[in-house]
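Coordinate inspection notes
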Amino acid sequence: MALVTLKETLKGSVQGRYAVGSFNAANHGMVEAILAASEELGTPVILSIAEVHFRYLDLDKFVSYALHRIEEVSTPVALHLDHGLSMETIKRGLDLGFSSVMIDASQQPYEENVRITRSVVELAKPYGVSVEAELGFVGGGEGNLVEGSVANPSDFTDPELVADFVEKTGVDALAVAIGTVHGPYKGQPALDLELLREIRGRTTIPLVLHGGSGLSDQDFRNVVANGINKVNFYTHFSLAAAAKVAELIKGGKPLGYPDLTTAAEQEIKSIVAHQIGVFGTPRVI
Ligand code: 13P
């Protein structure tokens, strides 16, 4: 099909009570695995590139490759800049051709988060690009694969601010903090579903859950049933692909580099496909 905006991939998700997966790609094999899962299931997908992963990439070349591949697949795909941390990164992302950007000013005081997010919405408008922002703070280590974290309830989204934030900024999707963290968890994640329901009651725009890895299928069904429309997911398939490669090497058979990368891609594809099923994303082709 073609490149679409985040707004387009999430159209109908609030009414339909389903979520679309947003999967981070930090190399070419990850792009292929994510797009292959989307095509196999006939569902839209959000292909994300996070600023913390820029260190692995030549961003200009990688985005042009991703855009080219998106045009070749049969499903609608948004190319999303995940956790843009500065105006410079957002501007660069807009010029490179992302169809969606996230500005993460969640650690700023409320009024500053509003101001920064509003200016990104203004900047993105002429490009026709969607904007996601975060209210409250989802902790943990974005891109961290080692240490587990616990969500801090004092960082959770204040439901009283939701309507005001959405109205003042004009964002297309809102990331909320309800108990998830980026990267591995210390212990079991405890999700505040009551808070999620309250937030859902305060706005009609799609809500985003960051830090999907480590949640059970039932957790996902619960958050989707209570108002989440986009789930960000990365750490689990990144670790699983690396474990697959380690297992093959340990097996002792002589293997070439493509044997390892192909096995890693297969692993990612099957995890992404499983998650898409759990999120309830409807087939569109
Ligand atoms: P995980 O790596 O914990 O799945 O989180 C991904 C994420 O939220 C990207 O923004």
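Presented here is a report on the structure given in the accompanying data block. Bear in mind that the values here come from a model prediction, so they are computed numbers and not experimental data.

Here is what the cut-offs are and how they apply
- Residues numbered from 1 in each chain as written.
- Predicted model: local features only at pLDDT ≥ 70, side-chain atom pairs only at ≥ 80, totals over all residues.
- Heavy atoms only, no water.
- Helix = DSSP H or I, 4+ residues; strand = E, 2+ residues; numbered from the N terminus.
- Rg over C-alpha atoms; globule rule 2.2 N^0.38 Å.
- Buried < 20%, exposed > 50% of the residue type's maximum accessible area, 1.4 Å probe, protein only.
- Contact = heavy atoms within 4.5 Å.
- Lys, Arg positive; Asp, Glu negative; His and termini not counted.
- Charge placed at Lys NZ, Arg CZ, Asp CG, Glu CD.
- Near = heavy atom within 4 Å.
- Polar contact = N/O pair within 3.5 Å; in protein donor to acceptor, adjacent residues only side chain to side chain.
- Areas by Shrake-Rupley, 256 points an atom, 1.4 Å probe, with all protein chains shown as cover.
- Nonpolar A, V, L, I, M, F, W, Y, C, P; charged D, E, K, R; others polar.
- Axes fitted to C-alpha atoms, helices over the stretch in contact; angles between N-to-C directions.
- Parallel < 35°, antiparallel > 145°, perpendicular 65-115°, else oblique.
- Left-handed = near helix turned anticlockwise from the far one by under 90°.
- Salt bridge = Lys/Arg side-chain N within 4 Å of Asp/Glu carboxyl O.

Moving on, we come to the overall build of the protein. Of the regular secondary structure elements, the protein holds 11 helices and 8 strands. A globule of 285 residues ought to have a C-alpha radius of gyration of about 19 Å, and the protein, at 18 Å, matches this closely. In the protein, which comprises 285 residues, the proportion classed as buried is 55%. Taking the contacts inside the protein whose residues are at least 6 apart along the sequence as the reference set, 75% of them involve residues at least 24 apart. Charge separation in the protein, taken as the distance between the mean sites of 23 positive and 35 negative side-chain charges, equals 3 Å.

Mapped onto the secondary structure, leucine 209 falls in strand β7 (residues 207–209). On the basis of relative accessibility, which here comes to 0%, the residue leucine 209 falls in the buried class. With 71 residues separating them in the primary sequence, leucine 209 and valine 138 have C-alpha atoms 9.0 Å apart. When residues no more than four places from it in sequence are discounted, the contact partners of leucine 209 are Ile178, Thr180, Leu215, Val223, Ile228, Lys230, Val231 and Asn232.

Here the focus is the environment of alanine 190. Of note, alanine 190 is situated in the loop between β6 (173–176) and α8 (193–200). Beyond its immediate sequence surroundings of up to four residues, alanine 190 is in contact with Ile178 and Gly179.

With that out of the way, let us pick up the site of the ligand. Asp82, Gly183, Gly211, Ser213 and Thr235 are the nearest of the 15 residues found near the ligand. The backbone of tyrosine 234 places a nitrogen or oxygen atom 2.9 Å from an oxygen atom of the ligand. For the ligand, an oxygen atom lies 2.5 Å from a polar atom in the side chain of threonine 235. Coverage of the ligand by the protein amounts to 98% of the 300 Å² it exposes when considered alone. Mapped by element, the contributors of at least two residues to the shell around the ligand are β3 (77–84) and β8 (228–233). When grouped by side-chain class, the residues that make up the shell around the ligand number 3 nonpolar, 10 polar and 2 charged.

Right, let's talk about the packing of helix α5 (residues 87–96) against helix α6 (residues 110–124) for a bit. The interhelical angle for the contact between α5 and α6, taken along N-to-C directions, is 20°, at an axis separation of 11 Å. Looking at the two axes, α5 sits roughly parallel to α6. Between α5 and α6 lies a crossing whose hand is right-handed. Across the interface between the two elements, Met87, Ile90, Lys91 and Leu94 from α5 touch Ile116, Ser119, Val120, Leu123 and Ala124 from α6.

This part takes up the pattern of salt bridges. One pass over the structure, following the stated rule, counts 16 salt bridges. One salt bridge connects glutamate 32 with arginine 69, and the closest N-O pair in it is separated by 2.7 Å. Here arginine 69 lies in helix α4 (residues 59–72) and glutamate 32 lies in helix α3 (residues 28–41), a separation of 37 residues in the sequence. When its relative accessible area of 22% is taken as the criterion, glutamate 32 is described as partly exposed. With a shortest N-O distance of 3.5 Å, arginine 202 and glutamate 160 are connected by a salt bridge. With arginine 202 in the loop between α8 and β7 and glutamate 160 in helix α7 (residues 159–169), the pair connects residues that are 42 residues apart, well separated along the chain. Looking at glutamate 160, the relative accessible area reads 54%, which means it is exposed. Each member of the salt-bridge network shares a partner with another, and the members are Glu32, Arg69 and Glu72.

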